[in-house]
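# Structural description and commentary
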Amino acid sequence: MKVLVTGSAGFIGSNLVLRLLNTESPIEIVGFDSVNNYYEISIKEYRLQQIEQCAAQHPESHYTFVKGNLADKTLIDQLFSQYHFDIVVNLAAQAGVRYSIENPDAYIESNVIGFYNILEACRHHPVQHLVYASSSSVYGNNQKVPYSVDDKVDNPISLYAATKKSNELFAHCYSKLYNIPSTGLRFFTVYGPAGRPDMAYFGFTNKLIKGEKIQIFNYGNCKRDFTYVDDIVEGVIRVMHKAPEKKLGEDGLPIPPYAVYNIGNSHPENLLDFVQILQEELVRAGVLPENYDFESHKELVPMQAGDVPVTFADTTALEHDFGFKPSTSLREGLRKFAEWYKEFYNSITEHSF
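Keep in mind it's a predicted model, so treat the numbers as computed, not measured. (Residues numbered from 1 in each chain as written. Predicted model: local features only at pLDDT ≥ 70, side-chain atom pairs only at ≥ 80, totals over all residues. Heavy atoms only, no water.)

## Thoughts on the side chain of Lys44
The condition is simple: Helix numbering and strand numbering both begin at the N terminus, where a helix is a DSSP run of H or I of at least 4 residues and a strand a DSSP run of E of at least 2. Partly exposed residues are those whose accessible area sits between 20% and 50% of the maximum for their type, while under 20% is buried and over 50% is exposed, using a 1.4 Å probe and protein chains only. His is not counted, nor are the chain ends, whereas Lys and Arg count as positive and Asp and Glu as negative. Each reported salt bridge corresponds to a side-chain nitrogen of Lys or Arg within 4 Å of a carboxyl oxygen of Asp or Glu.
Inspection of the secondary structure puts Lys44 in helix H2 (residues 41–56). In this structure, Lys44 is buried with no salt-bridge partner, the nearest side chain bearing the opposite charge being Asp33 at 5.1 Å.

Shown next, in the form of structure tokens:
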């Protein structure tokens, strides 16, 4: 099996490559990433190093890393021409809701033009299955919870959300026109070891280490469906192996082999409860001292533009079609993150408080 994983230096992408090497060998994987500086490159380099070490333990498999930009149409076409991929997992994207307000160009380049280039490549070099990352952000200010894939998602409240919705529309169009089996996955607040430093749990930890205040938005009245990265990866792999069927309709034309699923924990956590568990696990792991004064480092602030008060995944379709439901508890996941953070930033923990 030949698999392209774009965004392979990213949080989900690197974990996916590691799991594929460990459980699907022999396999041929091409990892693709721009390794940009949206957040600290040292973590991306750490992830790539982990993959190299893992690949060395699986000589029966082939792993290649290509550094490049998804918006480079010629490069993408060359990759598809050279490798003839069976499965493409497109996880590369410019992430972040708030950053999309400050820097919209990056989102159009990566999430729109880049995704279009992937679709064109799948059109000219047919693949068995295109799996791509969508996002819970497509639900916008949906008043109905939990969020179902049957809900209308026509009211994005950030450019990031709009680009992810556009990915689903583009994929549907290409599935219809060119019979490309495609599945979009709406991820819900992914977290875990070696995650994205711009995510709340990671950013909070960095600030607490430095003795800075953490800002808790909407005065703590936010709920997030935190989903541990291993659960996300398990869902992606199950979906990869089961492409939507190619079928003809009554008119003799292809019915789009197209599907969309939520992958979330289906258990929204209040932000204040989340912060409480995080601080307990940071103390337990020795990242912060037991006498750390958390109360003086918390600040309740209003909601930010582009944010939503709650995310909550209805995963009925995922359970029905793949027999899978994320199940890692928030405490278990944050414990693993805190232990990783202690190891990765060992020198930081030597700072005096």
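From this point, things continue past the structure.
## Observations concerning the pattern of salt bridges
The tally for this structure, following the rule as stated, stands at 14 salt bridges. With its nearest N and O atoms 3.0 Å apart, the salt bridge here joins Lys144 to Asp151. Asp151 gets classed as buried once you look at its relative accessible area, which sits at 15%. A salt bridge links Glu234 to Arg238; its shortest N-O distance comes to 2.8 Å. You can see Glu234 and its partner Arg238 sitting in helix H8 (residues 229–240), four residues apart, about one turn around the helix. Residue classification places Arg238 among the partly exposed residues on the basis of a relative accessible area of 31%. Among the charged side chains, a network of salt bridges with common partners joins Glu280, Glu281, Arg331 and Arg335.

## Topic: the confidence of the model for the protein chain
In low-pLDDT segments, the atomic positions of the prediction should not be examined closely. Inclusion rule: Confidence scores labelled pLDDT are given residue by residue by the predictor and lie between 0 and 100. Contact definition: two residues touch when any of their heavy atoms are within 4.5 Å.
Of all residues in the protein chain, 98% attain a pLDDT of 70 or more, and the chain-wide mean is 93. Throughout residues 347–353 the model reports pLDDT below 50, and contacts reaching past four residues in sequence, or to other chains, amount to 10 contacts.

## Let's talk about the side chain of Glu120
Here Glu120 shows up in helix H5 (residues 104–124). Excluding anything up to four places from it in sequence, Glu120 contacts Lys73 and Tyr174.

## Focus: the packing of aromatic side chains
For clarity, the cut-off: Centres within 6.5 Å make a pair out of two Phe, Tyr or Trp rings, where for Trp the six-membered ring is used; the pair is then stacked when the planes are under 30 degrees apart, edge-to-face when over 60, and tilted otherwise. In this analysis the charged atom, NZ for Lys or CZ for Arg, is taken to sit over a ring once it is within 6 Å of the ring centre and within 35 degrees of the ring normal.
In this structure the tally under the stated criterion is 33 aromatic pairs. Taking the centre distance of 6.2 Å and the plane angle of 50 degrees together, the rings of Tyr201 and Phe202 count as tilted. Here Tyr341 and Tyr345 contribute two aromatic rings whose centre-to-centre distance is 4.5 Å and whose plane-to-plane angle is 40 degrees, an arrangement assigned as tilted. When sorted by exposure, Tyr341 lands in the same class as Tyr345, which is buried. The residue whose ring lies beneath Lys44 is Tyr39, and the NZ or CZ to ring-centre distance is 4.6 Å. Over the ring of Phe322 we find Lys242, and its NZ or CZ is 5.2 Å from the ring centre.

## Side note on a nonpolar patch on the surface
Short version of the rule: Exposure above 30% relative accessible area and the lack of any salt bridge qualify a residue for a patch; like charges then connect within 9 Å, and the nonpolar side chains Val, Leu, Ile, Met, Phe, Trp and Tyr within 5 Å. Only the protein chains shown count as cover for residues, and the accessible areas themselves come from Shrake-Rupley with a 1.4 Å probe.
A surface patch of nonpolar side chains, amounting to about 280 Å² of accessible area, comprises Tyr219, Leu272 and Leu300. Structurally, Leu300 can be placed in strand S15 (residues 298–300). Residue Leu300 is classed as partly exposed on the basis of its relative accessible area of 44%.

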